[in-house]
Amino acid sequence: MGIVALSEQFVQDIRYAFRVMSAQPFFTAMATLSLALGIGANTAIYSFMDAILLRALPVQNPESLIVFNWHSKDHPKVANNFSGSTHKDDKTGYTSGNFPYPAFELFHGQNSVFSSVFGFNSAGRLNIQIQGQADLAQSQYVSGEFFSGLGVPPAAGRLLDATDDRVGASAVAVISYGYAQRRFGDPAKAVGQAILINDTPFTITGVAAPEFFGVNPQGPQDVYLPQHTSAILETTFASEKTKYADSRFYWIEVMGRLRPGVGRQQAQAALAPAFQHWVENSATNDKERADLPLLLIQEGAGGLDSLRRRFSQPLYVVMTLVGLILAIACANMANLLLARATRRRREMALRLSLGAGRGRVVRQLLTESLLLASLGGLLGLAFAKWGIGALTLLIGNGQENFTLHATLNWHVLAVTVALSVGTGMLFGLAPAMQSTRVDLVSALKQTRGGEQRFRLHSWMRVSLSQVLAVAQIAISLLLLVAAGLFVRTLTNLNSIAVGFNRENLLLVSLNARQAGYKDDALVRFYRDLHARLSGIPGVRSASYCNYALVSGSRSSTDARIPGQPAGNTSYLNVGPGFFSTMQIPILLGREISERDANGSNHVAVVNEVFVKNFFGGENPVGRHFGLGGRNAIDYEIIGVAKTSRLNSLKQDVPPVAYVPYTPNVRQAVYVLRAAGEPMAFANTVRQAVRQADARIPISEIVTQAKQIDQTISQERTFATLCMCFAVLAVLIACVGLYGMMAYSVARRTNEIGIRMALGAERRRLVWMVLREVLLMAIMGLAIGIPAAIAASKFVGSFLFQMKPNDPLAFTLAAGSLLAAALVAGYGPAWRASRIDPWTALRDE
């Protein structure tokens, strides 16, 4: 057959498929909607996987980039000072990308391996004042080869180079394209502008390319500063001026670009011995030499992997769940196609008897299923677009600086097309093949088609539709169990007593040091602002600290008790009235007051864990302890506070020392106890801060309750998603079960009419139908429960205070699914009991 003939037949098949679909609108809507929900959910989740796991940096030849890391069995003792992050890997142990500056210089000298090596480290959110207006911008210190090494072109002006990154160079900055648009309107207008960064004059030399966001997808940058300008911006720390020569201070992150023809393994082999020799020379004793960091060069096409480490495992779990949704939707589609194929047996028999080839009929039916799947894919894209927005809000949990943005790019569209075509072919083939395997004589004689069944046992005959329904129930159980586990985890976290009253608390974060305040002036400003905020009508009490409770932040150092070895303790700098504002009970002694706030009184309030660990439960009031390293400050304990959560709901509460707020602390977090809804005071608080000093922007204003919720956002996201997915899965499965049973009752109208004519009771007919539903549900549970027990161990790391095989979660899931199946089957059962026997026999 020629191409022209095939094309004509293809057009005929499409036309006929449209006529069949328009003649059966309910069937078309059910099949399309089922697939759209499954494909849409998968497309939305895949878009996030593409954004996090697969997308490369928008730079030249990203495949030649590498990231420098080190790993060790434990945190290396040779890292005497450390500023950065580490993570623990099952294969490599403790891993980090932070190096001493001399190590960066070692890598930079390997010209035979790398065409460029560049370093960078976070500057945090700096106070940027432009034309008298101040705000906070995410900033990064970068070495001179940062932009040239990445191959980033300027959108305006020039980018930083090696002449900018040296001691004594002019203070210059490069800003991102988006930040230039926000602050200047036209990025070209930003070049040459004078700005203040942390009250220090800088000049903007250029604007980065529009698509460039930095090397860390987790935190796109607004401002890029030469590395050595940290010495003039971070003047409060003496180490800023000495860390460039300190071989035991690990702080700078490093990336590089391989020379053409050099592979990552070659670079590893060339640099590992040199780094090992260098790090051995930096160790001062055998204890430090016992666990030295080992060099690990990894691929850098996607930039730093912090975002991938954070979201990869959760995304794989969610992708598995939406994959199950798609499987249920496809099974539902196959069931609908099987039901329709049974109704069309006479049509297929007539076409075959008139000379149509089986291949031609199969091709026609596959065209119909592919068309249904394509419509499902198009509608799924609409669901996916809505789902991406909903997921972004859910995962971001209302964070202003949330930077994860998924889009429907061509990678995602290709996956959607593949899903649509794949489901149409795979789940349309079996019904199409079954439609052509008919006995022509019997099919032409019968008026109501019977569905082909196959024998599982001498007493059990089941149809393919029943097998698919059982599979749907089993898969739905997996999703219900997952939802139950994550909901119970969230319930466990929400039921934890935090040790203070989280309600009606407003948290206001700011940093006056970035506006030029230092030492006593800083303390006076914070004290004056405290008085100003306390006087706001409706604010019952106010205090401040250096970070909010249960915010994921924690400071720790050594506590030195006379006559005892030093032990680690957490500490929190607090202002007067902190405990009364937070409503943390003082069990012994008193809390920190105004007379302690000037810093001259070295006093502390400790929690119950501190007392138990260091004083054996004895009354510690009046006792002294040292806080810090060798030059520890001596503190007198003036009170014991009831134990409250410090940084996390999941971790055990550590020993905590609450000490007066000092000028050495950068940030202040004001806690305001309000008479009503805390956020109602937000605008008044902003106005009060502007009146105190307009150069100081508020970095965050949030309620304490929302702050705590943000620390369990992953658990909340899992619980919400799984509940939605489970409800969707059960709904699709029940719709499929309802449709299958409704068709079964319609097919057996003659049989039911005869039963009723012979005196069968209505309740027996209801039970006859429900018994079939119940049998399929029990078979589905028998398959699903062992599968759920085996699969639940893979989500064990996401659970809190419960086991993966939690009996309550399994019981609730099985009971809910059984009830839903009976509800879905009751409608057809009730209609079966209302069939008029005479009408049924006459129609037959």
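As the structure is a prediction and not an experimental result, all values here were calculated from the model.

Describing the overall build of the chain
In step 1: Counting its secondary structure elements, the chain contains 25 helices and 28 strands.
In step 2: Residue burial in the chain is summarised as follows: out of 844 residues, 52% are buried.
In step 3: Expressed as a percentage of contacts within the chain between residues at least 6 apart in sequence, the contacts between residues at least 24 apart total 79%.
In step 4: Accessible surface, the chain as shown: approximately 37,200 Å² in total, 56% of it carbon and sulfur.

As for the side chain of Gln129
In step 1: Inspection of the secondary structure puts Gln129 in strand β6 (residues 114–130).
In step 2: Under the relative-accessibility criterion, Gln129 is labelled buried at 9%.

Let's talk about the confidence of the model for the chain
Any residue range with low pLDDT should be treated as having predicted coordinates unsuitable for detailed reading.
In step 1: Scored by pLDDT, the chain comes out at a mean of 85, with 89% of its residues at no less than 70.
In step 2: Taken together, the stretch residues 447–460 has pLDDT below 50 and engages in 35 contacts with residues farther than four places along the chain or on a different chain.

Looking at the environment of Gln704
In step 1: When you line up the elements, Gln704 lands in helix α20 (residues 704–711).
In step 2: On the basis of relative accessibility, which here comes to 0%, the residue Gln704 falls in the buried class.
In step 3: The sequence separation of Gln704 and Ser551 amounts to 153 residues, and the corresponding C-alpha distance is 9.1 Å.
In step 4: In contact with Gln704, not counting residues within four places along its chain, are Phe500, Arg502, Leu505, Leu507, Leu549 and Met582.

Focus: helix α16 (residues 519–534)
Quick reminder: α-helices carry 3.6 residues per turn. Residues three or four places apart thus point the same way.
In step 1: Compared with an ideal rise of 1.5 Å per residue, which puts 16 residues at 22 Å, α16 spans 23 Å between its outermost C-alpha atoms and is within 8% of the ideal.
In step 2: The elements touched by buried residues of α16 are β18 (505–510), β19 (539–545), β27 (668–674) and α19 (682–692).

A word on unusual backbone geometry
In step 1: Even without being glycine, Asn198 reaches a positive phi, approximately 50°.
In step 2: Looking at the element boundaries, Asn198 is found in the loop between β10 (194–197) and β11 (200–208).
In step 3: For Val550, which is not a glycine, the phi torsion comes out positive at approximately 50°.

Let's talk about a nonpolar patch on the surface
In step 1: Residues Val417, Val421 and Met425 make up a contiguous nonpolar surface patch of roughly 250 Å² in combined accessible area.
In step 2: Along the chain, the position of Val421 falls in helix α13 (residues 410–436).
In step 3: With relative accessibility at 41%, the residue Val421 sits in the partly exposed group.

Concerning the packing of helix α15 (residues 464–494) against helix α24 (residues 807–833)
In step 1: Running from N to C, α15 and α24 cross one another at 135°; their axes reach a closest spacing of 8 Å. Judged by the inter-axis angle, α15 sits oblique to α24. The handedness of the crossing between α15 and α24 comes out as right-handed. Contacts between α15 and α24 involve Ile473, Ser476, Leu477, Leu480, Val481, Gly484, Leu485 and Arg488 from the first element and Leu808, Ala809, Phe810, Ala813, Ala814 and Leu817 from the second.
In step 2: Here the contact of α15 with α24 is built from residues that sort into 11 nonpolar, two polar and one charged.

Let's talk about the pattern of salt bridges
In step 1: What the rule picks out here adds up to 15 salt bridges.
In step 2: Among the ionic pairs, Lys650 bridges to Glu715, the shortest N-O distance being 2.1 Å. With Lys650 in the loop between β25 (633–641) and β26 (656–660) and Glu715 in helix α21 (residues 713–747), this residue pair connects regions lying 65 residues apart in the sequence.
In step 3: Here Lys650 falls in the partly exposed class, since its relative accessible area comes to 40%.
In step 4: With a relative accessible area of 5%, Glu715 lands in the buried category.
In step 5: Each of Arg158, Asp161 and Asp164 takes part in a single network of salt bridges with overlapping partners.

A short note on the packing of aromatic side chains
In step 1: Applying the stated rule across the entire model yields 34 aromatic pairs.
In step 2: Residues Phe68 and Phe114 carry aromatic rings whose centres are separated by 5.3 Å and whose planes lie at 55° to one another, so their mutual orientation is tilted. Of this pair, Phe68 sits in strand β1 (residues 65–72) while Phe114 sits in strand β6; the two residues are 46 residues apart in sequence, bridging distant segments of the chain.
In step 3: Judged by relative accessible area, Phe114 falls into the buried class, the value being 2%.
In step 4: One aromatic cluster is present, formed by Phe68, Phe99, Phe107, Phe114, Phe275 and Trp278 through successive ring pairs.
In step 5: Note that Lys243 overlies the ring of Tyr244, its terminal NZ or CZ placed 5.9 Å from the centroid.
In step 6: Its end group placed over the ring of Trp251, Lys243 keeps NZ or CZ at 3.9 Å from the ring centre.

Regarding the nonpolar core
In step 1: Judged by nonpolar contacts, the single largest core of 111 residues is most densely connected at Leu479, Phe486, Leu549, Phe578 and Leu737.
In step 2: With 16 residues, α21 is the single largest residue contributor to this core.
In step 3: The residues contacting Leu549, other than those within four sequence positions of it, are Phe500, Leu572, Phe578, Met582, Ile584, Arg645, Leu646, Gln704 and Gln707.
In step 4: Residues Leu258, Leu271, Val279 and Ile297 belong to the second largest nonpolar core, which totals 29 residues.

Section: the pairing of strand β4 (residues 93–96)
In step 1: Of the strand pairs in this sheet, β1 and β4 are connected by three bridges, and their pairing is antiparallel. Within β4, the position partnered with His71 by the bridge is Thr95.
In step 2: With four bridges connecting them, strand β3 (residues 86–89) and β4 associate as antiparallel partners. The residue bridging Thr86 from the neighbouring strand is Ser96, located in β4.

Regarding the side chain of Arg248
In step 1: Among the structural elements, Arg248 can be located in the loop between α7 (239–242) and β13 (249–250).
In step 2: Among all residues touching Arg248, those that are not within four sequence positions of it are Val78, Ala79, Asn80, Asn81, Ser282, Ala283, Thr284 and Glu288.

Description of the packing of α16 against α19
In step 1: Taken N-terminus to C-terminus, the directions of α16 and α19 make an angle of 140°; their axes are 10 Å apart at the nearest point. Classified by the angle between their axes, α16 and α19 sit oblique to one another. The handedness of the crossing between α16 and α19 comes out as right-handed. The segment α16 lies against α19, with Phe525, Leu529, Arg532 and Leu533 engaging Val685, Ala688, Val689, Gln691 and Ala692.

Section: the environment of Gln714
In step 1: In this structure, Gln714 sits in helix α21.
In step 2: Given a relative accessible area of 31%, Gln714 falls into the partly exposed group.
In step 3: For the pair Gln714 and Leu394, spaced 320 residues apart in sequence, the C-alpha separation works out to 9.3 Å.
In step 4: Setting aside its immediate chain neighbours within four residues, Gln714 contacts Arg310, Pro314 and Phe798.

What counts as what
- Residues numbered from 1 in each chain as written.
- Predicted model: local features only at pLDDT ≥ 70, side-chain atom pairs only at ≥ 80, totals over all residues.
- Heavy atoms only, no water.
- Helix = DSSP H or I, 4+ residues; strand = E, 2+ residues; numbered from the N terminus.
- Buried < 20%, exposed > 50% of the residue type's maximum accessible area, 1.4 Å probe, protein only.
- Contact = heavy atoms within 4.5 Å.
- Areas by Shrake-Rupley, 256 points an atom, 1.4 Å probe, with all protein chains shown as cover.
- pLDDT = per-residue confidence, 0-100.
- Expected span 1.5 Å × (residues − 1).
- Patch = residues over 30% accessible without salt bridge, like charges linked within 9 Å, V, L, I, M, F, W, Y side chains within 5 Å.
- Salt bridge = Lys/Arg side-chain N within 4 Å of Asp/Glu carboxyl O.
- Axes fitted to C-alpha atoms, helices over the stretch in contact; angles between N-to-C directions.
- Parallel < 35°, antiparallel > 145°, perpendicular 65-115°, else oblique.
- Left-handed = near helix turned anticlockwise from the far one by under 90°.
- Nonpolar A, V, L, I, M, F, W, Y, C, P; charged D, E, K, R; others polar.
- Phe/Tyr/Trp six-rings, centres within 6.5 Å; stacked < 30°, edge-to-face > 60°.
- Lys NZ or Arg CZ within 6 Å of the ring centre and 35° of its normal.
- Core = buried A, V, L, I, M, F, W, Y, C linked by side-chain atoms within 4.5 Å.
- Pairing = 2+ DSSP bridges.

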